[in-house]
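What the coordinates show
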Amino acid sequence: MGELNVKALNNVTEKAQYIRQLLADIELLEQMLGQGVFEKTPVRMGAEQEFCLVDEAWEPSPGAMKVLKKLKAPNYTTELALYNMEINLDPLELGGDCFSKMHAQLDALLAEARQAAADSGLKIVLTGILPTIDKSHLSIEYMTPLRRYQSLDTMVRKLRGEDIELHIKGVDEINIHHDSILFEGCNTSFQSHLQIDPDDFVDTYNWAQAIAGPVLSIGANSPLLIGRELWQETRIALFTQSVDTRASTYMLNEREARVGFGHAWAKGSVADYFKDCIVGFKSLLTTDFEETDRPDHGSAPKLKALSLHGGTVYRWNRVCYGLTGNKPHIRIENRYLPSGPTTTDEIANMMFWIGLMKGRSKMYDAIDSKMDFKDVKSNFYMAARYGTAAQFYWNGRLWPCQELLLDHLLPMAYRGLYAMDILPKDAEYYLSVIENRIKTRNGARWTVESYRKLKNRYKPPEALRILTAAMYDRERKGYTVDAWEPPRGDEINRDPGNKKVRQLMNTKTITAQQDDSAELVLKMMHWKNIHHVPILDMRSDLVGLLTWTDVAQYLDNPKKSSSSIKSIMKTELITVAPDTGVGEARHLMRSKKINCLPVVDGNTLLGIITSNDL
């Protein structure tokens, strides 16, 4: 989609033209498959590196367009959110030292991007979900101002007919309604591409599906979203829901999510895969079309309409049509692996996946007749939820994750790499990273353990900043994640003069409704030693505040406390916004002789900050 000047597909004329072009592209694709014009050798691989931009407070910074202007190479491009960017790596022939060559280019391009970011006072962090992202970073002004992103947002919301609904339950739970697709901007990936033989499409694609769960389990590193501990790879649930065009209804709705694993084994040809995408999903965008070149004219067609439609159907293993020079090819794009935590970890993940793709033994031919698709899909979501704590249905039995990876899949990856003449020293170096992770911990487990320890000493916003700074520090030192030490707490500048209220406020606050029993609420304050309780109306807007100073007199006098809270709460409130400086909040408390400030966005309560917090 990034290569095309796209716009929302709105009027009848545009739809008719687009559908006509889409059907012509399918017809051309079938002709090309029949004529055998697709490149089969040499086999090429490629990758896309997404990354996050953070400011000196380790929070998302909308500086992508400024950084992009400083970069000369054409490898850099935008992403949906202004605090994300992408590097497109050059495709390489699979063999020899291709993985270490790709790693060298990746490090060189990242170094150039880091310098451009540093010129603007920013840093680059590699991770699947940036820990310090919160809802304030998901407003529309953080969307990259390009028509393709705005058009996609418009069409997704139009099809839903209501706000985006985000509900993910793990150890913690998050339940949010949002008015744009910007939650998708929380996701950053390291997307790997592998060219395949279209004549072996069904076996190859189905095998990619079969291994997805185990590969994801060892690569997971994104267990946190807005301070909640959710799935080990929360990106899987987050991306699925953030661009879901299906509206929630009380009726049974069996349409598939636009982001997903699929609903059945692949059947037929590459053309049948694309036909299924057309049947299953509405077209969202269009572009300007030129007259299609026929393959017999000596130039391969671009299949713009087909590629555009495929670019808005986000399979975790996505089939792509492309051109190398003037030669068409088919490739699988692995979209489920996250960015980071280090470039070495990313290349190791990619090598493990490609090794398995090329190391498939004869016993796994026609995998669709040997494994149930529901088991394979279950394996994938078990990996996303539980990482290396998952168990997988594989080859007729239930395997613990580590046993399947170490005893079965890792040797298979070695065989696949050696069959493609990958340098043994490269194979051993990168796959030893995978082996060490299997025996110790992956990025998700390091993040969870670190965050839990930090929360014993710091409030969640502060803990998330320290965690992000520690990720950056460990990545810059060049250690792979299995060797990372937990955060110490001194990774950030903790000078309170630089802090905002939202970095210190309490977000897990006990609240009450204005018509609740005053006697009960007073008892709750007494039991929990709470000195401030925000009061909400039926719309959950902040309308008052109970303080211990005002209500202590009622505690031992049931007659006085028998009325509703509305009659005793304060209604003339002094509040602050989340981006208010801590110094300003402290001055406000002292000047007004109060010990608590509700933190609000309009009438919506976000948290409270007290004199003890300061």
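Below is a short write-up of the structure. Given the structure is predicted, the values throughout are model-derived calculations rather than measurements.

As enumerated under the stated definition, the model contains 21 aromatic pairs in all. Pairing Phe261 with Phe373 gives two aromatic rings, centres 5.8 Å apart and planes at 35°, and the pair type is tilted. Of the two residues, Phe261 sits in the loop between β12 (259-260) and α7 (270-280) while Phe373 sits in helix α10 (residues 373-386), which places them 112 residues apart along the sequence. An aromatic cluster of three or more residues is present, and its members are Phe239, Phe261, Trp265, Tyr314, Trp316, Tyr336, Phe373, Phe380 and Tyr381. A cation sits over an aromatic face here: Lys123 above Trp58, 5.1 Å from the ring centre. Seen from the ring of Trp399, Arg397 lies directly overhead, with NZ or CZ sitting 3.9 Å from the centre.

Attention now moves to the packing of helix α1 (residues 12-35) against α7. Where α1 contacts α7, the axes come no closer than 9 Å and their chain directions differ by 165°. Taken as axis vectors, α1 and α7 run roughly antiparallel relative to one another. Relative to α7, the crossing made by α1 is left-handed. For the pair formed by α1 and α7, the contact residues are Leu22, Ile26, Leu29, Glu30 and Leu33 on the first element and Val270, Ala271, Phe274, Lys275 and Ile278 on the second.

A few words on helix α17 (residues 582-592). Residues that lie three or four places apart on an α-helix share one face, since the helix turns once every 3.6 residues. Buried within α17 are the following residues: Val582, Ala585 and Met589. All buried residues of α17 lie within an arc of 60° about the axis, which places them on one face of the element. Of the exposed residues in α17, the ones pointing more than 90 degrees away from its buried face are Glu584, His587 and Arg590. Positioned one or two residues after α17, Lys593 has a phi angle of 55°, which is positive.

Turning our eyes to something else, we now look at the sheet that holds strand β21 (residues 542-547). The strand order β19-β20-β21 describes an open sheet built from three strands, whose pairing is mixed. Pairing within the sheet leaves two strands with one partner each, and these edge strands are β19 (512-513) and β21. In the packing of helix α15 (residues 518-528) onto the sheet, the strands contacted are β19, β20 (532-536) and β21, and the crossing angle to β21 comes to about 55°.

Let's shift gears to the pattern of salt bridges. Pairing between side chains of opposite charge can happen when the charged atoms of each approach one another. Under the defined criterion, the tally for this structure stands at 30 salt bridges. Between Glu475 and Arg476 there is a salt bridge, with the nearest N and O atoms lying 3.9 Å from each other. What makes Arg476 partly exposed here is its relative accessible area of 43%. It is possible to trace a salt-bridge network through shared partners that takes in Asp473, Arg474, Lys477, Arg488, Asp490 and Glu491.

All right, on to the environment of Ile133 then. Tracing the chain through its elements places Ile133 in the loop between β6 (123-125) and α4 (147-160). Given the relative accessible area of 2%, Ile133 is considered buried. Sequence separation between Ile133 and Met32 is 101 residues; the distance between their C-alpha atoms is 46 Å. Not counting residues up to four positions away in its chain, the partners in contact with Ile133 are Pro60, Tyr83, Leu138, Cys186 and Ile226.

Attention now moves to the pairing of strand β18 (residues 397-400). Where strand β17 (residues 391-394) lies against β18, four bridges are found, and the strand directions are antiparallel. Paired with Trp394 across the strands is Arg397, a residue of β18. Connecting the antiparallel pair β17 and β18 is a turn made up of two residues, with Asn395 showing a positive phi of about 55°.

Calculation notes
Residues numbered from 1 in each chain as written. Predicted model: local features only at pLDDT ≥ 70, side-chain atom pairs only at ≥ 80, totals over all residues. Heavy atoms only, no water. Phe/Tyr/Trp six-rings, centres within 6.5 Å; stacked < 30°, edge-to-face > 60°. Helix = DSSP H or I, 4+ residues; strand = E, 2+ residues; numbered from the N terminus. Lys NZ or Arg CZ within 6 Å of the ring centre and 35° of its normal. Axes fitted to C-alpha atoms, helices over the stretch in contact; angles between N-to-C directions. Parallel < 35°, antiparallel > 145°, perpendicular 65-115°, else oblique. Left-handed = near helix turned anticlockwise from the far one by under 90°. Contact = heavy atoms within 4.5 Å. Buried < 20%, exposed > 50% of the residue type's maximum accessible area, 1.4 Å probe, protein only. Arc of directions from axis to C-beta. Pairing = 2+ DSSP bridges. Salt bridge = Lys/Arg side-chain N within 4 Å of Asp/Glu carboxyl O.

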